[in-house]
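Fold and contact review
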Amino acid sequence: MSITASGGVTTPRPPLSAYGHLLAIYLVWSGGYLAVKICVSGPAMVSVFQLQSSRMWLASLLLSGVALIRCGLPIRPRPRDLLICAASGVLMWVAGNGLATLASKHATSSFIVMAMGAIPLWSCLLDLLIARRVPSPRVVAGLFLGLVGLFLVVSPTLLDAHSAIIEPGYGVFTTAIVIGAGISWSLGTIVQRPLMQRMPTEWAAAFQMLAASLVLTVLTGAEAAPLPGPPSVQQWLAFGFLIIFASVIGLTSYIRVLRAFSPAVATTFAYVNPVLGVLLGWVILGEQLAPVSLAGLAVVLASIAMVLSRRG
């Protein structure tokens, strides 16, 4: 912070590296669902639990190493904080990310990234319900507009039994679980907020992923799915992208962005990720895009702008 000649206070310009972290979030989180789609639809028949458990274990170990280098050994956390880590980790990485991964077996990555683009709206709605606050008319209008946009996004899968967006017979099921994924991720985000004041963010994220890994390992054992065959090169590359970029680099970059930019700038990923995710699915996998879904995505982005600017 600095003082101008006229006596005003100005915020220092973020370092150039901060813009690199912002760009990293745009790119790696936009391609996350595309990488998941490649992993679960390749020649090696990988189950959702197998993919999620192996990904979470490796990501949690790498993230723990990053936390150890940056923050040192964690101070003995309180049992309540560990419980919050476990609860939020299960909500975000087992239920939220896991349901979205399950949806990837039957739907295009473009559809999933559009539906998950409503996460800021779910977060705002849940926050209002939990805090029992009366929202402003602007927020109410934004939430209503966002739900209308979300309906437009998913409407082709519900109204067209032969839609190329979702496998025939899985429209209602896949739509329900991808909406549930967004709600669960949003709830986990709200649950973890107290940790940000009492625990280094890197260690909180590592503990969350570790808790998710333990739960996913139990679910993988209960599933008893056969071991997958040899993965293709594309599957290996996508798996590595999920671990290194979408999990470790994406999360640590987001932490740097939150520290360098205002919340208004940090939350721009909510606008950019769905758009880039749709373009990546179209360019790389040739996924078909329903015009009404694209219109719904535009409505969702407009509603997010209304909700995030409620303090303006």
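Residues numbered from 1 in each chain as written. Predicted model: local features only at pLDDT ≥ 70, side-chain atom pairs only at ≥ 80, totals over all residues. Heavy atoms only, no water.

1. Notes on the overall build of the protein
Our working rule: Counting from the N terminus, the helices are the DSSP runs of H or I reaching at least four residues and the strands are the DSSP runs of E reaching at least two. Whether a residue is buried, partly exposed or exposed follows from its accessible area with a 1.4 Å probe, protein chains only, as a fraction of its type maximum: under 20%, in between, or over 50%, in that order. Contact between two residues is taken to exist if any of their heavy atoms lie within 4.5 Å; hydrogens are not considered. Calculation of accessible area relied on Shrake-Rupley with a 1.4 Å probe; when residues are assessed, cover is drawn exclusively from the protein chains displayed. Asp and Glu count as negative and Lys and Arg as positive, but His and the ends of the chain are not part of the count. By convention, charge coordinates are those of NZ in Lys, CZ in Arg, CG in Asp, or CD in Glu.
Scanning the protein for helices and strands turns up 14 helices and two strands. Each of the 312 residues in the protein was classed as buried or not, and the buried ones make up 47%. Across the protein, contacts joining residues at least 24 apart in sequence account for 87% of those joining residues at least 6 apart. As presented, the protein carries roughly 15,300 Å² of accessible surface, and 73% of it is formed by carbon and sulfur atoms. Between the centroid of the 17 positive side chains of the protein and the centroid of its 7 negative side chains there is a distance of 16 Å.

2. Regarding helix α8 (residues 171-191)
Rules: Given a helix with a known number of residues, its expected span is that number minus one, times 1.5 Å.
With 21 residues, α8 ought to run about 30 Å at 1.5 Å a step, and its terminal C-alpha atoms sit 30 Å apart, in line with that. Restricting attention to buried positions, one finds in α8 the residues Gly-171, Thr-174, Thr-175, Ile-177, Val-178, Ala-181, Gly-182, Ser-184, Ser-186, Gly-188 and Ile-190.

3. Points about the layout of surface pockets
Taking a probe equal in size to a water molecule and rolling it over the atoms shows the remaining empty space. Counted only if it meets this: Cavity and pocket criteria rest on a 1 Å grid covering protein atoms alone: a 1.4 Å probe that fits but cannot get out defines a cavity, protein on both sides within 12 Å along at least 5 of 7 lines defines an open pocket, and an atom within 4 Å of a point defines a lining residue. Grid points are joined across faces, edges and corners, and a volume is the space filled by probe spheres set on the points.
Approximately 250 Å³ is the volume attributed to the second largest pocket. Along its surface, the second largest pocket is lined by 13 residues, and Val-46, Ser-54, Pro-228, Pro-231 and Phe-239 are the ones closest to its centre. For the lining of the second largest pocket, the secondary structure elements donating two or more residues are α3 (48-71) and α11 (233-260). When residues in the lining of the second largest pocket are grouped by element, the largest group, four residues, is from α3.

4. Topic: the packing of helix α2 (residues 32-40) against helix α4 (residues 79-104)
When two helices pack together, their arrangement is given by the angle between the helix axes and the distance between those axes. What counts here: Fitting a line to C-alpha atoms yields each axis, with helices limited to the stretch in contact; the angle taken between N-to-C directions then spans 0 to 180 degrees. What sets the label is the angle itself: under 35 degrees gives roughly parallel, over 145 gives roughly antiparallel, 65 to 115 gives roughly perpendicular, and the rest give oblique. Crossing handedness: left-handed means the near helix sits turned counterclockwise from the far one by under a right angle, and right-handed means the same turn made clockwise. Classification convention: Asp, Glu, Lys, Arg as charged; Ala, Val, Leu, Ile, Met, Phe, Trp, Tyr, Cys, Pro as nonpolar; all other residues, Gly among them, as polar.
Running from amino to carboxyl end, α2 crosses α4 at an angle of 55°, the nearest separation of the two axes being 9 Å. Taken together, α2 and α4 sit at an angle that is classed as oblique. In this structure, α2 meets α4 at a crossing whose hand is right-handed. Residues Tyr-33, Val-36, Lys-37 and Val-40 of α2 form the contact with α4, whose own contacting residues are Ala-100, Thr-101 and Ser-104. Class assignment of the residues belonging to the contact of α2 with α4 gives a composition of four nonpolar, two polar and one charged.

5. Some thoughts on a nonpolar patch on the surface
Basically, it comes down to this: The patch calculation keeps residues exceeding 30% relative accessible area without a salt bridge and links them within 9 Å when they carry like charges or within 5 Å when they are nonpolar (Val, Leu, Ile, Met, Phe, Trp, Tyr). What makes a salt bridge here is a side-chain nitrogen of Lys or Arg within 4 Å of a carboxyl oxygen of Asp or Glu, nothing more.
On the surface, Val-275, Leu-279, Trp-282, Val-283, Ile-284 and Leu-285 cluster together into a nonpolar patch covering about 560 Å² of accessible area. Tracing the backbone shows Trp-282 in helix α13 (residues 269-285).

6. Let's talk about the pattern of salt bridges
Within this structure, the stated rule accounts for four salt bridges. When the shortest N-O distance is used, the salt bridge between Arg-78 and Asp-81 registers 3.7 Å. Judged by relative accessible area, Asp-81 falls into the buried class, the value being 3%. Taking the shortest distance from any N to any O, the salt bridge between Arg-198 and Asp-81 comes out at 2.7 Å. Remark: Asp-81 occurs in helix α4 and Arg-198 occurs in helix α9 (residues 195-198); sequence separation between them is 117 residues. Assessed through its relative accessible area of 36%, Arg-198 is described here as partly exposed. Taken together, the shared-partner salt bridges connect Arg-78, Asp-81 and Arg-198 into one network.

7. Digging into the environment of Ser-293
Note the threshold: For this analysis, a polar contact is any N or O atom pair within 3.5 Å, provided that within protein one partner can donate a hydrogen and the other can accept it, and provided that sequence-adjacent residues contribute only side-chain to side-chain pairs.
Mapped onto the elements, Ser-293 comes out in helix α14 (residues 291-308). Ignoring sequence-local partners within four residues, the contact set of Ser-293 consists of Met-114, Leu-152, Val-153, Pro-156 and Ile-165. Among the polar contacts made by the side chain of Ser-293, one reaches the main-chain carbonyl oxygen of Val-153 at a distance of 2.7 Å.

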